[in-house]
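What follows is the residue order along each chain.
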Amino acid sequence: MPEGKPIRVALLGCGTVGTEIVRLLTDQAVDLTARIGAPVELTGIAVRKPNKHREVPAHLLTTDAAALVASDVDLVVEVIGGIEPARTLLLDALRSGKSVVTANKALLAEHSGELFEAADSSGADLYFEAAVAGAIPLLRPLRESLAGDRITRVMGIVNGTTNFILSGMDATGASYSETLEEASRLGYAEADPTADVDGFDAASKAAILASLAFHTRVTAADVHREGISAVSASDIAAAKGLGRTVKLLAICERVTEVAEDGTTTESVAARVHPAMIPRGHPLAGVNGAFNAVFVEADAAGEMMFYGQGAGGAPTASAVLGDLVAVARNRVVGGRGPRESAYAGLPVRSIGQTPTRYHISLDVADRAGVLAQVAAVFAEHDVSIAAVRQEGRVDDASLVIVTHAASDAALRSTVDKVGGLPVVRDVVSVMRVEGEEQ
């Protein structure tokens, strides 16, 4: 097959991921040409400080990203992150008919609709496999392979830093602060880990997953978010005692409700928070900085996608996969999948979302304590699935696991229980996932 006209590529950003992209484009040039049907020509790399990038050819470097995007290129690859200037640069590229490959989860979680509209208006492609789970092929299966199925739930570990910390706490019994310090020392946590440990990173990814899975535009603002900084060594120990482990989960669900007259309504729930899951659940064995996502669909059933969720080489691998797909479309004159937001389902608040809780109470060791606590649960229509009392006198505690109820009802219950004279302290409250509700 004769080679076609070169596919000209502009690269925005040359940090850890960008450097790996340059390396792979060079090392795999012959194979990429064969797979695409045309050679890939890297025409320029936009960076802020050219003198800090001696590992790439100097003639490719420029500080004028806008001019590079406006030049005669077919495809723009963006790995600079953040909202601006990435948003403006990519909109300019798409509106001028240039296809885009991006790993920018924050941008997609806020402005995917705007980007897709720009792509549709010009006939350009928008691909973003690397935005959610590094090298794991996840978004394309949701977007293409499962396009004929009805996805009901997506639940996963999508942040390597928090998974490394929680896995370490589970393995060693160390505190959150001790394990975070170790993660920083080993390079698994950024100097400022806020985006990871407070759940912002996972919430952006949850928004992207929910949008694809349920054909509905979901933004990061729609995702309920809790981080892991409040998870204690005692929480981890309590989970172990119940045959569970603690993970920071991104959970996206299609919720179907049936009214008394038989009519059904559907909505989307998207949340990120720590949760106890059974040690027998497929996600429980995902440790260290690895990611995994568990998908449930009507026809396909249950599936799990697992692998390296971050890092320069794994993320660059996902970017190159998108680059090949987009370049092939250019060669044959085709187009990739467009945005699918036809369902337009409403997004439920966390207060309306059914969840289960594990609640640990420091209580007085005397008759009638359990009855008083149980009465509050009954008052709020929250059913108790299991209860266990431990210790005596000043060290007495009550551990309760609930059935599913609205998050608002559960929180109201906990607030009122905490005010009972027989309850000295609400030691911990954590959601429970991964079991029949």
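Residues numbered from 1 in each chain as written. Predicted model: local features only at pLDDT ≥ 70, side-chain atom pairs only at ≥ 80, totals over all residues. Heavy atoms only, no water.

1. A few points about the packing of aromatic side chains
According to the stated counting rule, one finds 3 aromatic pairs in the structure shown. Measuring from centroid to centroid gives 5.9 Å for Phe 116 and Phe 128, while their planes differ by 75 degrees, and the two rings are edge-to-face. Note that Phe 116 is positioned in helix H5 (residues 105-122) and Phe 128 in the loop between strand S6 (126-127) and helix H6 (130-133), a separation of 12 residues in sequence. Residue classification places Phe 128 among the buried positions, given a relative accessible area of 4%. For the ring pair Phe 290 and Tyr 306, a centre distance of 5.3 Å and an interplane angle of 5 degrees mean the geometry is stacked. With Phe 290 in strand S11 (residues 290-297) and Tyr 306 in strand S12 (residues 301-308), this residue pair connects regions lying 16 residues apart in the sequence. A relative accessible area of 28% places Phe 290 in the partly exposed class. By relative accessible area, Tyr 306 is classed as partly exposed at 46%. One Lys or Arg, Arg 143, reaches over the ring of Tyr 127 and ends 5.3 Å from the middle of that ring. (Phe/Tyr/Trp six-rings, centres within 6.5 Å; stacked < 30°, edge-to-face > 60°. Helix = DSSP H or I, 4+ residues; strand = E, 2+ residues; numbered from the N terminus. Buried < 20%, exposed > 50% of the residue type's maximum accessible area, 1.4 Å probe, protein only. Lys NZ or Arg CZ within 6 Å of the ring centre and 35° of its normal.)

2. Comments concerning empty space enclosed by the protein
Inspection of every chain in the model, using the stated rule, returns 1 cavity of 30 Å³ or more. Of the voids in this model, the largest cavity is the one considered here, and its volume is about 60 Å³. Looking at the largest cavity, the residues that line it are Tyr 127, Phe 128, Glu 129, Leu 139, Arg 140, Arg 143, Glu 144 and Asp 322. Sort the elements by how many residues they give to the lining of the largest cavity and helix H7 (residues 139-145) lands first, with 4 residues. (1 Å grid on protein atoms, 1.4 Å probe; cavity = no way out; pocket = protein on both sides within 12 Å on 5 of 7 lines; lining within 4 Å. Points joined across faces, edges and corners; volume = space filled by probe spheres on them.)

3. Regarding helix H8 (residues 160-172)
End to end, H8 covers 18 Å across 13 residues, agreeing with the expected 18 Å (1.5 Å per residue, within 8%). Of all 13 residues that make up H8, 11 are buried, and the element is covered over most of its length. Along H8, the residues classified as buried are Gly 160, Thr 161, Thr 162, Asn 163, Phe 164, Ile 165, Leu 166, Ser 167, Gly 168, Met 169 and Asp 170. In the core, the buried residues of H8 are packed alongside strand S7 (151-157), helix H9 (176-185), helix H10 (194-197), helix H12 (233-241), strand S9 (244-258) and S11. Between a side-chain oxygen at the N-terminus of H8 and the backbone nitrogen of Thr 161 the separation is 3.2 Å; the capping residue is Asn 159. Looking one or two places after H8, you find Gly 173, whose phi comes out positive at around 80 degrees. (Expected span 1.5 Å × (residues − 1). Contact = heavy atoms within 4.5 Å. Polar contact = N/O pair within 3.5 Å; in protein donor to acceptor, adjacent residues only side chain to side chain.)

4. Topic: the pattern of salt bridges
Applying the stated criterion to the full structure yields 31 salt bridges. Residues Arg 153 and Glu 433 are paired through a salt bridge, measuring 2.8 Å at the closest nitrogen-oxygen approach. One end of the pair, Arg 153, is in strand S7; the other, Glu 433, is in the segment after strand S17 (423-432), and 280 residues separate them in sequence. A single network of salt bridges, built from pairs that share partners, joins Asp 120, Asp 125, Arg 335 and Arg 338. (Salt bridge = Lys/Arg side-chain N within 4 Å of Asp/Glu carboxyl O.)

5. Some remarks on helix H15 (residues 407-418)
Across its 12 residues, H15 extends 17 Å between first and last C-alpha, which sits within 8% of the 16 Å expected from 1.5 Å per residue. Among all positions of H15, only Asp 407, Ala 409, Leu 410, Thr 413, Val 414 and Val 417 are buried. Considered in projection along H15, the buried side chains sweep an arc of 160 degrees and stay on one side of the axis. Residues of H15 that are buried in the fold lie against strand S13 (354-363), helix H14 (369-379), strand S15 (397-402), strand S16 (405-406) and S17. (Arc of directions from axis to C-beta.)

6. Considering the side chain of Glu 78
Of note, Glu 78 is situated in strand S4 (residues 75-78). One buried charged side chain, Glu 78, makes no salt bridge at all; its nearest oppositely charged neighbour is Lys 105, positioned 9.7 Å away. Reaching out from Glu 78, the side chain makes a polar contact with the side chain of Asn 104 at a distance of 3.3 Å. Once residues within four sequence positions are removed from consideration, Glu 78 is found in contact with Leu 12, Ala 86, Leu 90, Val 101, Thr 102, Ala 103 and Asn 104. (Lys, Arg positive; Asp, Glu negative; His and termini not counted.)

7. Quick notes on the nonpolar core
Counting 78 residues, the largest nonpolar core has Leu 12, Val 76, Phe 128, Leu 138, Ile 151 and Leu 209 as its most contacted members. Considering every element that reaches this core, the biggest residue donor is helix H11 (residues 200-214), with 10 residues. (Core = buried A, V, L, I, M, F, W, Y, C linked by side-chain atoms within 4.5 Å.)

8. Remarks on the layout of surface pockets
Size it by volume and the largest pocket reaches roughly 1200 Å³. Lining the largest pocket we find 42 residues, and of these Lys 105, Glu 190, Asp 201, Ala 310 and Gly 311 sit closest to its centre. A total of 4 residues in the lining of the largest pocket trace back to one element, the largest contributor, which is H11. A class-by-class count of the residues in the lining of the largest pocket yields 16 nonpolar, 19 polar and 7 charged. (Nonpolar A, V, L, I, M, F, W, Y, C, P; charged D, E, K, R; others polar.)

9. Quick word on the environment of Val 218
Here Val 218 lies in the loop between H11 and strand S8 (224-225). Among the residues examined, Val 218 registers a relative accessible area of 3% and is labelled buried. Distance from Val 218 to Ala 367, taken between C-alpha atoms, is 49 Å for residues 149 residues apart in sequence.

10. Let's talk about the sheet that holds strand S3 (residues 61-62)
Spatially, S3-S2-S1-S4-S5-S6 is the arrangement adopted by the 6 strands of the open sheet, whose pairing is parallel. Across the chains shown, the open sheet's two edge strands, defined by having one partner strand only, are S3 and S6. Pairing between strand S1 (residues 7-12) and S4: 4 bridges, direction parallel. Pairing of Ala 10 across the sheet is with Val 76, part of S4. Together, S1, strand S2 (40-46) and S4 form the strand contacts of helix H1 (residues 16-27), whose direction differs from that of S2 by roughly 155 degrees. (Pairing = 2+ DSSP bridges. Axes fitted to C-alpha atoms, helices over the stretch in contact; angles between N-to-C directions.)

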